[in-house]
Each structure stands twice: as structure tokens, then as C-alpha cells.
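# Summary of the model geometry
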Amino acid sequence: MGATDRRAVPRGRVRYAAVAVALLALVAPAAGPATGSPARTGAAPPTGPSRSTAAGDRDGGPAAVTAPLTHPPGAPRLPAFTAPPTTTPPATAPAGRNPTATAPTGPMPTARDPSVPGAERGGGTRTGAGEAAAQPDLRQFYDQRPTWGECADLPQNPEGMTCAEVTVPLDYAAPERGTLRLALARIAATTDDPKGSVLLNFGGPGDPGVVNLAGFGRTFNTFTNAYDVVTFDPRGVGRSSPVTCDHAPPPEFTGTDPEAFLREAEAHYQRCLRASGPVLPYVGTVNVARDLDVIRQALGDDRLNYLGFSYGTRLGAAYAAEFPRRVGRMVLDGVDTLVEPLVEQGLVTAEGRQTALDDFATWCATRADCPLGDNARDAKRNVARLVERVSEHPITLYDGSRFTVDTLVAALSAALYSRANWPSLSLALASLIEDDDPIPLLATSMPVPVTGVRPPPGGRAGTGAAAHPRTTRTGPVAPPVPADNMLVALTAVNCADDPDRLTAADLTPAAYERLLARYTAASPVFGPAQLGQVLLCAGYPPGSDFIRSIHDVSTPKMLLVGTRGDPATPYRWTVETARRLGDSAVVLDNRGEGHGGYTSSKCVRRAVDAFFLEGDLPGGGSGGSCPADAQDAEEAERAEGRTAPD
């Protein structure tokens with residue numbers, strides 16, 4: 001029965017539940033944190049790294065604490081510091097394998113080493129206050145080498161993938177505040193004489209690198225002809241001191257009492273501080289860029305070779321601004337904005353997702369098995385009705401967790417990143433509409449194999465993780481990642497990167513109605529969730545304006561890939577960011593569809609591979625373009641028994 005005939009959801013429980021944290025981050029838990037580890041095991045062909053946009057979880061409560069944490073008084077968001085010179089550090093193993101942040105145990109020396117050169121800055125960026133102040137001594141962080149070993153608690157990872165950790169300071173301006181350990185993963189080069197490493201960031205913000213490499217590792221096989229392929233979980237994400245709100249529901253603004261909402265937003269931030277420990281005030285792209293430089297040195301590379309997707313392009317730009325002379329071959333794919341405030345970013349993202357959803361609905365209506373109807377108008381209306389239905393009647397899963405409207409919107413967002421997902425998305429929506437079974441949709445949006453999210457044969461319902469004991473073929477079980485980590489990290493990083501905050505004057509009933517109307521007009525499906533993320537930042541301390549100050553970086557040429565049909569990062573952001581970065585930016589115009597080009601276009605893949613392996617840039621450094629639907633055309637030719645030229 002289609003959505004046009006069925007508006008209510010039966011009260012019975014569905015048969016299956018997601019148990020991987022990557023799925024549970026989208027499912028509001030009935031109680032308690034998740035015990036699984038996130039996994040992207042690559043059951044389906046990778047469809048591109050994601051840019052998460054879901055609204056926060058709605059169930060659970062704050063953790064009990066003994067004393068409140070506050071944002072460190074006067075702690076600058078952009079402190080000046082000096083990075084040690086590039087050298088080959090001695091091989092030393094980081095202590096232990098506990099990835100949690102540590103509070104300071106005593107003062108650490110901060111006297112500046114007179115042999116250390118001046119601050120590594122440039123490219124027209126503002127460097128923050130205190131440039132002339134005494135520089136902290138960071139040599140202990142730069143003088144380390146990771147010890148690679150077996151990866152803990154990953155259900156699937158590529159042959160030869162190993163894991164390690166590096167230690168970084170919570171606060172680069174005051175390393176005595178404490179440290180945290182960053183989780184790394186590596187697929188070693190197949191050559192005996194590698195050129196170094198290519199460091200990957202899969203986007204988000206909030207996407208963990210380790211489990212993404214475990215699932216998508218084979219996507220980067222070409223790189224291993226010359227490089228070690230390395231990734232990491234950024235601070236506050238995954239296995240690197242994950243931030244959490246302990247499932248405390250974020251405040252919901254009704255549009256009537258701005259002052260009360262702002263107090264609730266501040267109280268929510270304080271709950272997240274208590275639940276996360278010392279790391280939350282120190283997340284954000286500026287500090288992660290500095291972590292990248294510590295990782296680069298720990299890997300033994302004189303320059304950073306880097307491939308960043310979506311949010312990872314913002315991170316790459318920040319690194320280029322902070323460490324311009326240490327940039328090697330850098331590719332930014334699915335380019336983020338450096339200048340638009342969160343309010344405008346949310347509108348653009350909502351509009352892009354709505355366009356992708358409408359395109360999918362139009363395509364679906366041409367198919368006999370489309371669960372949304374047999375014409376484009378009905379298909380679009382029935383998507384809206386499905387959202388309304390799940391909003392009014394969330395689905396209870398077998399372990400007590402809930403599939404809410406926020407879950408649905410987030411899963412749709414991720415599934416729409418690539419046209420390659422559309423057939424699976426159609427089938428998944430049929431399961432949700434006709435059988436009240438959301439698991440195929442969750443599996444399509446992550447993606448993970450369906451067998452990884454359903455109970456095993458004979459498995460009993462209602463016990464959650466107890467029905468799915470965590471096992472590992474590679475070593476000790478890693479500490480659990482909170483189920484809300486990806487969403488909390490998404491909010492925390494975006495807020496830390498933006499100095500603007502909505503005020504009571506911006507949220508008067510009339511002003512809020514205008515703002516809500518703008519978001520709803522951009523997307524009736526995705527707009528409210530995007531606005532919720534912007535509102536939540538009102539409770540966070542003001543962020544850094546460093547990202548907006550980036551311009552005219554003095555680096556070697558870097559490649560920016562913009563996709564015309566990108567539903568998350570519009571092509572105009574590529575043009576704007578290239579203009580901001582200056583003469584160093586070379587643009588590859590991908591005229592296809594999907595979020596990012598490397599995983600969806602063979603033309604883009606060839607260009608990126610040629611840059612990393614041979615140093616060749618499109619147009620000899622002047623830029624180039626890739627035709628639309630290059631991969632789709634090749635797949636069509638294969639389906640007809642013809643072979644497309646490579």
C-alpha cells in the first residue's frame with residue numbers, strides 16, 4: 001500500500017534494529033549510550049563521503065556530575081603558537097591506547113626554544129592576538145612516531161590496514177591544560193619506496209576517519225602505488241575523545257520566548273560540557289588543522305599531501321592558511337564555503353537537498369515499482385506525507401530505540417548524495433512505507449550491509465547490544481563511541497568555526513517566523529532540521545573568525561573539485577573558495593551529479609590520481625572540466641554489453 005493511502009503507523013514494533021554506532025547516531029535511543037563501534041563496511045559501492053545535517057537526538061537525559069565545566073575564561077579561539085621545524089623525529093611510541101582526553105596533571109614547560117623559527121603563518125590570514133608573546137614548547141608532540149599495530153574492534157577492514165595513535169595538546173597555546181590521543185589508520189603503500197603519505201578527511205564535520213577507511217579503503221587503491229594512505233578521527237570524533245551530550249535532548253524553540261530559549265540553549269551546552277569532559281571547548285577546525293601538522297610530522301613527511309571531502313575542504317583550507325610552506329599535493333573535493341555564516345549555509349544546504357530529493361522523486365515516478373506514486377507531483381507530495389507520518393508516529397525498533405523524523409531526514413540526506421543510491425533508496429522507502437521497516441533506509445544511507453543491522457538467525461529481540469556481542473579479529477575491543485557523537489561533533493565544530501550567534505532580537509516572534517519561512521521555502525523537508533542546527537549554536541560560546549579571514553594563501557598549486565549537481569556543497573562555493581585562496585587554487589569543473597566527484601566520476605578520479613601520482617594538474621595548472629554523467633554513461637554501456645574506454 002502506498003503513502004497516498006496510508007498515513008498512520010501501526011503501534012507494533014518492527015523486527016530489526018541498527019546496532020552499529022554509525023546508525024545509532026541517527027536513531028534516538030530509549031536509554032543509555034550505545035555500546036557498538038561505528039562501521040562502514042562497504043556492502044554497497046561507496047557513494048561519497050557525507051556531510052551530516054541531521055537534527056539532534058530527542059530522548060535521554062543528562063549525566064550526573066560532581067562539578068560543572070565551563071569554557072576556559074579568556075581562552076582564545078585562535079592563539080598564536082610556533083610549530084617546531086620540520087625534522088625526522090625519533091621513533092617513539094605513544095603511551096597506552098586509551099583515546100580519552102586527559103586533564104592536566106601538572107605544569108609543563110612553556111619556555112620558547114630560541115632555536116625554533118618564527119610562526120608558520122602566511123597567505124593573508126589574520127594570526128590572532130599575542131603573536132609576540134612567549135611561544136609554548138610543543139616539541140614533545142612533534143617528536144613522536146606512531147607505533148602501527150592491529151586495528152581494534154573493526155568488523156571489516158582492508159588487507160594490511162593498521163592503526164595507531166598520536167598525542168596532541170588540548171590547547172596549543174597552553175599545552176599544560178592537558179592532552180588527548182588521536183586515532184589513526186593506515187593502508188601501507190605497495191611500493192618499497194613510497195613518496196610519503198596521503199592524509200584523508202572524509203567530511204562531516206563529525207565523520208570518523210578510521211571506520212570510513214575500513215569501509216572505503218579499496219577506493220584509494222591507486223594511491224597505494226606510491227603512498228601510504230592514512231586517515232584519523234579528528235579531536236572530539238569517533239575514537240579521539242568523542243564529544244557527547246549523553247543523549248540530552250536539545251531545546252526546541254517554539255518562537256514565543258527568545259530569552260527562555262537562549263537560557264535553555266546555554267544549559268544544554270553546559271550538559272554537553274559535563275558529558276564530554278575537557279575536549280569540547282577545544283574542538284573546531286583551527287585546532288584540527290594544527291593536529292594535522294603534528295600528524296604530518298609523526299608520519300615523517302616534510303609536506304602534507306591531503307585529500308579532503310566536503311567539510312574536509314574547509315579543514316584543508318585552514319591548514320593551507322596556517323602552514324602554507326608545509327603544503328604538498330592538496331585536493332579539496334566538494335568544496336565548502338569559507339565566507340558564508342551558518343544561517344546562510346543552512347539555507348543553501350537545505351535548498352540543495354530539496355533539489356536532489358525532487359530529482360529523485362521525479363525519477364522514481366517513472367518506475368513501475370516506485371512506492372511514491374506514478375507521477376512526479378504525487379511522488380513529491382508523498383515524500384512530505386511520509387515525513388509528516390513519521391513525525392506524528394515515530395517507529396519503535398526491537399531494542400527500544402526510536403526511528404524519528406530527525407532520523408528519517410538525516411537518512412534521506414545521506415542517501416541523496418549520489419544518484420547511484422537511487423534504486424536502493426526506492427526499495428528502502430517501499431520497506432518503510434509498506435512494512436514500517438526503516439532498516440533498509442538506514443543501511444542505504446550509511447551504507448552498511450543489511451546483515452550487519454538485523455538480528456542473527458534465532459537472535460532474540462529487545463536486548464540491543466546484548467544480542468550482538470562485539471567481537472574483534474584484530475585485538476582488544478575499543479572503547480564505545482557515544483551514539484550521539486556524530487551529531488554533537490557536527491554542531492560543536494560548526495559553532496566553533498562561526499563567530500555569529502542568533503540573539504533574542506533575531507528570535508522575536510516576527511523575526512523567527514520570517515527565518516522559519518525562509519528555511520521552509522528552501523526545503524519543507526530539510527529546512528527545519530537545518531534551522532535547528534543554527535539555533536543550537538546560540539548556546540555555544542562565540543566561535544573563531546579565522547575561517548572567514550582566509551585569503552590568498554602562498555602554497556603550491558592545489559586542486560579544487562566542484563560538482564555542478566552537488567546537493568550539499570554547491571558549485572558556486574567552489575568558485576568562491578578558489579577566489580579566496582587565490583592563485584594557488586586550480587578548479588576542476590565536474591558537470592555531473594552527487595556530493596563530490598572522486599567517488600562518482602571516473603574523469604575526476606583520473607585527474608586526482610594524476611595529480612597525486614605524477615603532479616599533473618588539469619590544463620597544465622589552468623583548470624579543466626569533466627563531462628556530466630561520465631560514470632553513468634559507462635555503466636549504461638556495460639549494461640548493453642559494450643565496454644567504455646578507460
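Residue positions are given per chain, counting from 1 as you read along its sequence in written order. In view of the model being predicted, local features appear only for residues whose pLDDT reaches at least 70, and side-chain atom pairs are presented and counted only at 80 or more, with totals across whole chains, interfaces and linings using the full set of residues. Only hydrogens and water are set aside when side-chain values are computed; all heavy atoms of the structure are taken into account.

### Looking at the state of the cysteines
Quick note on the threshold: Any pair of cysteine sulfurs within 2.5 Å is marked as a disulfide. Helix and strand labels come from DSSP, where a helix needs a run of H or I of at least four residues and a strand needs a run of E of at least two; each type is numbered from the N terminus. Only protein chains enter the accessibility calculation, which uses a 1.4 Å probe; a residue whose area is less than 20% of its type maximum is buried, one above 50% is exposed, and one in between is partly exposed.
Per the stated rule, a full pass over the model turns up five disulfides. What pairs with C151 in a disulfide is C163, and their sulfur atoms sit 2.1 Å apart. Between C151 and C163 the sulfur-sulfur dihedral comes to about 100°; the bridge is accordingly right-handed. Taken together, the residues C151 in the loop between helix 2 (139–142) and strand 1 (161–169) and C163 in strand 1 connect sequence positions twelve residues apart. Residues C151 and C163 agree in their burial class; the two are buried. The partner cysteine of C364 in its disulfide is C370, sulfur to sulfur 2.1 Å. What sets the handedness of the C364 and C370 disulfide is the S-S torsion sign, and at about 110° it is right-handed. Judged by its relative accessible area of 0%, C364 falls in the buried class.

### Concerning the environment of I550
Here I550 shows up in the loop between helix 15 (546–549) and strand 9 (558–565). Judged by its relative accessible area of 0%, I550 is buried. Sequence separation between I550 and L338 is 212 residues, and the spatial gap between their C-alpha atoms is 7.5 Å.

### Focus: unusual backbone geometry
The omega angle of the peptide bond from G204 to P205 is -5°, so this bond is cis rather than trans. Even without glycine at this site, D552 takes up a positive phi of about 50°. Checked against the element boundaries, D552 lands in the loop between helix 15 and strand 9. Here D552 falls in the partly exposed class, since its relative accessible area comes to 45%.

### Considering the environment of R579
Tracing the chain through its elements places R579 in helix 16 (residues 571–581). Judged by relative accessible area, which is 60%, R579 ranks as exposed. Taking the C-alpha atoms as reference points, R579 and H551, 28 residues apart in sequence, are found 8.1 Å from one another.

### A word on helix 6 (residues 311–322)
Test applied: What a helix is expected to span follows from its residue count: subtract one and scale by 1.5 Å.
Compared with an ideal rise of 1.5 Å per residue, which puts twelve residues at 16 Å, helix 6 spans 17 Å between its outermost C-alpha atoms and is within 8% of the ideal. Most of helix 6 sits inside the fold, with twelve of its twelve residues counted as buried. Those residues of helix 6 that sit buried are Y311, G312, T313, R314, L315, G316, A317, A318, Y319, A320, A321 and E322.

### Some details on the confidence of the model for the protein chain
Filter applied, for reference: pLDDT: the predictor's confidence for each residue, scored from 0 to 100. Contacts were defined at the residue level, with two residues in contact if any of their heavy atoms lie within 4.5 Å.
Confidence in the prediction for the protein chain averages 76 pLDDT; 70% of positions are at 70 or higher. Considering only residues more than four positions removed or in separate chains, one finds that residues 447–476, a stretch of pLDDT under 50, has 65 contacts. Long-range and interchain partners of residues 630–646, a stretch whose pLDDT sits below 50, account for 14 contacts in this model, where long-range means more than four residues apart.

### Some details on the nonpolar core
Stated formally: Think of a nonpolar core as a cluster: buried Ala, Val, Leu, Ile, Met, Phe, Trp, Tyr and Cys residues, connected wherever their side-chain atoms sit within 4.5 Å.
Within the largest apolar cluster, 115 residues are counted, with the highest numbers of intra-cluster contacts made by M330, F360, L372, L408, I550 and L581. The element best represented in this core is helix 7 (residues 342–364), accounting for nine residues. Excluding anything up to four places from it in sequence, F360 contacts L372, L416, W422, L425, S426 and L429. In this structure, A183, V211, A226 and A607 belong to the second largest nonpolar core, which totals 37 residues.

### Side note on the pairing of strand 1
Regular strands place side chains that alternate from one sheet face to the opposite one. Applied cut-off: Any two strands with at least two DSSP bridges between them are considered paired.
Burial of strand 1 is extensive: eight of the nine residues sit out of reach of the surface. Where strand 1 lies against strand 2 (residues 179–187), nine bridges are found, and the strand directions are antiparallel. Bridged to M161 within strand 2 is I187.

### With respect to the packing of helix 5 (residues 285–298) against helix 6
What counts is decided by this rule: Helix axes use the C-alpha atoms of the stretch in contact, all axes being lines fitted to C-alpha atoms, and the angles between their N-to-C directions lie in the range 0 to 180 degrees. An angle counts as roughly parallel when it lies under 35 degrees, as roughly antiparallel when it exceeds 145, as roughly perpendicular when it falls between 65 and 115, and as oblique in every other case. Each residue gets one label: Ala, Val, Leu, Ile, Met, Phe, Trp, Tyr, Cys and Pro are nonpolar, Asp, Glu, Lys and Arg are charged, and the others, such as Gly, are polar.
Contact geometry for helix 5 and helix 6: axes closest at 9 Å, N-to-C directions at 70°. Of the possible angle classes, the one that applies to helix 5 and helix 6 is roughly perpendicular. Here T285, V286, V288, A289, R290, L292, D293 and R296 of helix 5 come into contact with helix 6, specifically with Y311, R314, L315, A318, Y319 and E322. Class assignment of the residues belonging to the contact of helix 5 with helix 6 gives a composition of eight nonpolar, one polar and five charged.

### Considerations on the environment of P556
If you trace the backbone, P556 turns up in the loop between helix 15 and strand 9. For the pair P556 and M330, spaced 226 residues apart in sequence, the C-alpha separation works out to 8.7 Å. Dropping the residues within four chain positions of it, P556 is found in contact with R303, P324, V327, G328 and S584.

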